[in-house]
Amino acid sequence: DDEGRPTHTVLWLRNGGGKSSLLNLVFAVVRPNRREFLGSNEDGKDRRLGDYVRAGDTSHVVIEWGEPGARTPALVTGMALEWRDRVRSNDESRLRRLWYGFVPSDHRPPGLLELDATLTFDTLPVAEDGRRLSLARFRERLRAKAAGDASLRLVTPISQAEWRRALEQHDLDPEVLRYQLQMNREEGGASELFKRRCR
């Protein structure tokens, strides 16, 4: 809104405009199991998470979470993706993923010492000197920021189970999104069935 707070928004895009892609990527951060990826679209074409990552690129999906009416987010979660050896493959196990979460420093409650913001959504170290950082360099930069500011409470888990626990510690329940995934999958299935059965 005019004061910088998030508002309820509905994306009014034509079919093929990217609504499903946005949902796919958001769900992939919170429900990262590859088998749960919402890849099918209404044309019956299956998409995989790797389809969103080009060879030689490092891709990012970042989400700010906050309380309704709050001026600043309470949590930032993200996922960085990169193909092993920077070569695209049909083997999705070669797609490296880094999950991370932190309390943005612009969310800190005011205290006796006003510290400069060290890490926020807008200051994520995704690039340096105009070039996008590799996944390994991005991880290094994140950890360096966290080393200088413990209030960030940065987590960079190495397993899906650890990631789930980290989300739950911030009152995000990945299980809730399982129902949304199921509804979206069934909606796509219903659309496909209708196309096959009705002329």
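A quick note: this is a predicted structure, and the numbers were derived from the prediction, not measured.

Description of the overall build of the protein
So, step 1. In terms of regular secondary structure, the protein is built from four helices and five strands.
So, step 2. Starting at the N terminus and walking to the C terminus, you meet the elements of the protein as α-β-β-β-β-β-α-α-α.
So, step 3. Of all intrachain contacts in the protein linking residues separated by at least 6 positions in sequence, the fraction that spans at least 24 positions is 59%.
So, step 4. For the protein, the accessible area works out to roughly 13,000 Å², and carbon and sulfur atoms hold 50% of it.

Brief notes about the sheet that holds strand β2 (residues 75-83)
Sheet strands pair by backbone hydrogen bonding; their relative direction is either parallel or antiparallel.
So, step 1. The strand order β1-β2-β3 describes an open sheet built from three strands, whose pairing is antiparallel. Every interior strand has two partners, whereas the edge strands, β1 (58-65) and β3 (95-102), have only one. When strand polarity is set aside, the average angle formed by the axes of neighbouring strands in this sheet is 15°.
So, step 2. Looking at chain direction, β1 and β2 are connected through eight bridges and run antiparallel. Within the sheet, the bridge partner assigned to Ile-63 lies in β2 and is Thr-77.
So, step 3. Running over the sheet, helix α1 (residues 19-30) touches β1, β2 and β3 and is turned about 80° from β1.
So, step 4. Seen against the sheet, helix α3 (residues 160-169) touches β2 and β3 and runs at an angle of roughly 20° to β3.

Looking at unusual backbone geometry
So, step 1. Notably, Arg-86 is not glycine yet its phi reads approximately 60°, a positive angle.
So, step 2. Position of Arg-86 among the secondary structure elements: in the loop between β2 and β3.
So, step 3. Classification of Arg-86 by relative accessible area gives partly exposed; the value is 34%.
So, step 4. A positive phi is found at Asp-171, a non-glycine position, where the angle reads about 60°.
So, step 5. Considering the arrangement of structural elements, one finds Asp-171 in the loop between α3 and α4 (174-197).

Thoughts on the pairing of β2
So, step 1. Taking burial as the measure, the nine residues of β2 include nine buried ones, the bulk of the element.
So, step 2. Going residue by residue along β2, you find Leu-75, Thr-77, Met-79, Leu-81 and Trp-83 tucked away on one face and Val-76, Gly-78, Ala-80 and Glu-82 tucked away on the opposite face as well.
So, step 3. Here β2 pairs with β3 via eight bridges, running antiparallel. From the neighbouring strand, Thr-77 faces β3, where its bridge partner is Gly-101.

As for a nonpolar patch on the surface
So, step 1. On the surface, Leu-11, Leu-13 and Leu-22 cluster together into a nonpolar patch covering about 250 Å² of accessible area.
So, step 2. Tracing the backbone shows Leu-13 in the segment before α1.

Focus: the packing of aromatic side chains
So, step 1. Under the defined criterion, the tally for this structure stands at two aromatic pairs.
So, step 2. Measuring from ring centre to ring centre gives 6.2 Å for Phe-37 and Tyr-52, while their planes differ by 70°; the resulting arrangement is edge-to-face. One end of the pair, Phe-37, is in the loop between α1 and β1; the other, Tyr-52, is in the loop between α1 and β1, with 15 residues separating them in the sequence.
So, step 3. Look at Phe-37 and you get buried, because its relative accessible area is 15%.
So, step 4. Classification of Tyr-52 by relative accessible area gives partly exposed; the value is 24%.

About the cut-offs
- Residues numbered from 1 in each chain as written.
- Predicted model: local features only at pLDDT ≥ 70, side-chain atom pairs only at ≥ 80, totals over all residues.
- Heavy atoms only, no water.
- Helix = DSSP H or I, 4+ residues; strand = E, 2+ residues; numbered from the N terminus.
- Contact = heavy atoms within 4.5 Å.
- Areas by Shrake-Rupley, 256 points an atom, 1.4 Å probe, with all protein chains shown as cover.
- Pairing = 2+ DSSP bridges.
- Axes fitted to C-alpha atoms, helices over the stretch in contact; angles between N-to-C directions.
- Buried < 20%, exposed > 50% of the residue type's maximum accessible area, 1.4 Å probe, protein only.
- Patch = residues over 30% accessible without salt bridge, like charges linked within 9 Å, V, L, I, M, F, W, Y side chains within 5 Å.
- Salt bridge = Lys/Arg side-chain N within 4 Å of Asp/Glu carboxyl O.
- Phe/Tyr/Trp six-rings, centres within 6.5 Å; stacked < 30°, edge-to-face > 60°.

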